[in-house]
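# Summary of the model geometry
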Amino acid sequence: MSDTTIFHNPACGTSRNVLALIRNAGIEPTVVQYLKTPLDGDQLRALVAQLGLPVRAVLRKKGTPFEELGLGNPDLGDDALIDAIVAHPILLERPIVTTALGARLCRPSEAVLDILPQPQQGAFAKEDGEKVVNTQGERLV
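## Thoughts on the sheet that holds strand S4 (residues 102-105)
Taken together, four strands build an open sheet; the order of strands is S2-S1-S3-S4 and the sheet is mixed. In the strand order of this sheet, the two ends are held by strand S2 (30-33) and S4, each with one partner. Recorded for the sheet is a direction-independent mean angle of 15° between the axes of neighbouring strands. Taken strand by strand, helix H1 (residues 13-24) contacts strand S1 (5-8), S2 and strand S3 (96-99), and its axis lies near 160° from that of S1.

## Quick look at the environment of Gly-52
Structurally, Gly-52 can be placed in the loop between helix H2 (41-51) and helix H3 (78-87). Residue class for Gly-52 comes out exposed when judged on its relative accessible area of 61%. Sequence spacing of Gly-52 and Thr-5 is 47 residues, and the spatial spacing of their C-alpha atoms is 17 Å.

## A short note on H1
In an α-helix, one full turn covers 3.6 residues, which means residues spaced three or four apart are oriented alike. The end-to-end C-alpha distance of H1 is 16 Å, a good match for the 16 Å that twelve residues give at a rise of 1.5 Å each. Every buried residue of H1 is accounted for by Ser-15, Asn-17, Val-18, Leu-19, Leu-21, Ile-22 and Asn-24. Of the surrounding elements, those touching the buried residues of H1 are S1, S2, S3, strand S5 (124-125) and strand S6 (131-133). Following H1 by one or two positions, Gly-26 adopts a phi angle in the positive range, close to 80°.

Each value, and the rule that gives it
- Residues numbered from 1 in each chain as written.
- Predicted model: local features only at pLDDT ≥ 70, side-chain atom pairs only at ≥ 80, totals over all residues.
- Heavy atoms only, no water.
- Pairing = 2+ DSSP bridges.
- Helix = DSSP H or I, 4+ residues; strand = E, 2+ residues; numbered from the N terminus.
- Axes fitted to C-alpha atoms, helices over the stretch in contact; angles between N-to-C directions.
- Contact = heavy atoms within 4.5 Å.
- Buried < 20%, exposed > 50% of the residue type's maximum accessible area, 1.4 Å probe, protein only.
- Expected span 1.5 Å × (residues − 1).

Here is the structure:
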(Lines give C-alpha, C1' and ligand atoms only; values in the text may rest on other atoms or scores of the structure.)
Protein backbone atom coordinates (compact mmCIF):
# COMPACT_ATOMS: atom_id res chain seq x y z
CA MET A 1 0.00 0.00 0.00
CA SER A 2 1.26 3.46 -0.92
CA ASP A 3 2.00 6.24 1.59
CA THR A 4 0.29 8.55 -0.91
CA THR A 5 -3.49 8.58 -1.16
CA ILE A 6 -5.70 10.63 -3.45
CA PHE A 7 -9.39 11.09 -2.81
CA HIS A 8 -10.31 11.17 -6.46
CA ASN A 9 -13.20 11.82 -8.80
CA PRO A 10 -12.21 10.68 -12.31
CA ALA A 11 -14.87 12.98 -13.81
CA CYS A 12 -13.00 16.04 -12.45
CA GLY A 13 -10.21 17.54 -14.58
CA THR A 14 -8.39 18.93 -11.54
CA SER A 15 -8.48 15.53 -9.90
CA ARG A 16 -7.15 13.86 -13.08
CA ASN A 17 -4.32 16.43 -13.28
CA VAL A 18 -3.35 15.82 -9.65
CA LEU A 19 -3.30 12.05 -10.16
CA ALA A 20 -1.11 12.54 -13.23
CA LEU A 21 1.29 14.81 -11.28
CA ILE A 22 1.60 12.16 -8.56
CA ARG A 23 2.40 9.53 -11.17
CA ASN A 24 4.84 11.92 -12.87
CA ALA A 25 6.82 11.75 -9.63
CA GLY A 26 7.02 7.97 -10.01
CA ILE A 27 4.48 7.34 -7.26
CA GLU A 28 1.57 4.96 -7.66
CA PRO A 29 -0.92 6.24 -5.06
CA THR A 30 -3.79 4.56 -3.36
CA VAL A 31 -6.76 5.92 -5.29
CA VAL A 32 -9.97 6.31 -3.31
CA GLN A 33 -12.90 7.02 -5.58
CA TYR A 34 -14.88 8.56 -2.76
CA LEU A 35 -18.12 8.67 -4.77
CA LYS A 36 -17.99 4.86 -5.09
CA THR A 37 -16.47 4.25 -1.65
CA PRO A 38 -17.70 7.10 0.56
CA LEU A 39 -15.97 8.02 3.79
CA ASP A 40 -17.82 7.53 7.04
CA GLY A 41 -18.08 10.31 9.60
CA ASP A 42 -15.00 9.27 11.58
CA GLN A 43 -12.85 8.94 8.45
CA LEU A 44 -14.01 12.33 7.22
CA ARG A 45 -13.32 14.00 10.57
CA ALA A 46 -9.82 12.50 10.61
CA LEU A 47 -9.15 13.67 7.05
CA VAL A 48 -10.34 17.21 7.78
CA ALA A 49 -8.17 17.28 10.92
CA GLN A 50 -5.17 16.10 8.88
CA LEU A 51 -5.80 18.93 6.40
CA GLY A 52 -5.96 21.47 9.25
CA LEU A 53 -8.91 23.17 7.56
CA PRO A 54 -12.39 24.01 8.77
CA VAL A 55 -15.07 21.58 7.57
CA ARG A 56 -16.60 24.35 5.43
CA ALA A 57 -13.34 24.53 3.43
CA VAL A 58 -13.85 20.99 2.13
CA LEU A 59 -17.50 21.54 1.29
CA ARG A 60 -18.10 21.68 -2.46
CA LYS A 61 -20.87 23.98 -3.69
CA LYS A 62 -20.75 23.70 -7.48
CA GLY A 63 -22.69 20.80 -8.96
CA THR A 64 -23.92 19.59 -5.57
CA PRO A 65 -27.08 19.80 -3.42
CA PHE A 66 -25.34 22.48 -1.28
CA GLU A 67 -28.05 25.11 -1.79
CA GLU A 68 -31.06 22.79 -1.59
CA LEU A 69 -29.74 21.36 1.69
CA GLY A 70 -29.27 24.87 3.13
CA LEU A 71 -25.60 24.25 3.89
CA GLY A 72 -24.75 27.93 3.55
CA ASN A 73 -26.50 28.51 6.87
CA PRO A 74 -23.74 29.76 9.23
CA ASP A 75 -25.60 28.27 12.20
CA LEU A 76 -24.84 24.74 10.99
CA GLY A 77 -22.00 23.22 12.98
CA ASP A 78 -19.28 20.83 11.89
CA ASP A 79 -21.29 17.74 12.83
CA ALA A 80 -24.18 18.77 10.57
CA LEU A 81 -21.77 19.50 7.71
CA ILE A 82 -19.97 16.18 8.18
CA ASP A 83 -23.32 14.38 8.22
CA ALA A 84 -24.29 16.12 4.96
CA ILE A 85 -21.03 15.09 3.25
CA VAL A 86 -21.43 11.51 4.46
CA ALA A 87 -24.99 11.43 3.08
CA HIS A 88 -23.97 13.19 -0.17
CA PRO A 89 -20.29 12.42 -0.95
CA ILE A 90 -20.39 14.77 -3.97
CA LEU A 91 -20.24 17.57 -1.37
CA LEU A 92 -16.60 16.70 -0.60
CA GLU A 93 -14.28 19.09 -2.43
CA ARG A 94 -11.65 17.35 -4.48
CA PRO A 95 -9.00 16.24 -4.90
CA ILE A 96 -7.51 15.71 -1.48
CA VAL A 97 -4.07 14.09 -1.26
CA THR A 98 -2.27 12.72 1.76
CA THR A 99 1.41 11.78 1.83
CA ALA A 100 4.09 11.27 4.47
CA LEU A 101 4.75 15.02 4.12
CA GLY A 102 1.19 16.17 4.84
CA ALA A 103 -2.26 16.57 3.38
CA ARG A 104 -3.63 19.12 0.92
CA LEU A 105 -6.82 20.06 -0.82
CA CYS A 106 -5.18 20.29 -4.24
CA ARG A 107 -6.92 23.22 -5.86
CA PRO A 108 -5.12 24.34 -7.94
CA SER A 109 -3.70 20.98 -8.98
CA GLU A 110 -0.06 22.04 -8.65
CA ALA A 111 -0.59 22.36 -4.86
CA VAL A 112 0.14 18.63 -4.74
CA LEU A 113 3.79 19.38 -5.58
CA ASP A 114 4.23 20.83 -2.07
CA ILE A 115 3.66 17.45 -0.41
CA LEU A 116 5.06 14.89 -2.84
CA PRO A 117 8.00 13.01 -1.30
CA GLN A 118 9.67 12.55 -4.70
CA PRO A 119 10.50 15.10 -7.41
CA GLN A 120 8.83 15.26 -10.79
CA GLN A 121 10.54 12.99 -13.30
CA GLY A 122 9.94 15.10 -16.38
CA ALA A 123 7.79 17.72 -18.03
CA PHE A 124 4.12 17.98 -17.20
CA ALA A 125 1.26 20.01 -18.64
CA LYS A 126 -2.32 20.05 -17.40
CA GLU A 127 -5.11 18.77 -19.62
CA ASP A 128 -5.75 22.36 -20.77
CA GLY A 129 -2.12 22.65 -21.94
CA GLU A 130 -0.85 24.82 -19.07
CA LYS A 131 2.77 23.84 -18.39
CA VAL A 132 3.39 23.06 -14.74
CA VAL A 133 6.78 21.28 -14.76
CA ASN A 134 9.66 21.66 -17.22
CA THR A 135 11.75 18.86 -18.78
CA GLN A 136 14.16 19.00 -15.81
CA GLY A 137 11.27 18.29 -13.43
CA GLU A 138 11.27 21.85 -12.08
CA ARG A 139 8.05 23.57 -11.06
CA LEU A 140 7.00 26.41 -13.37
CA VAL A 141 3.97 27.73 -11.50
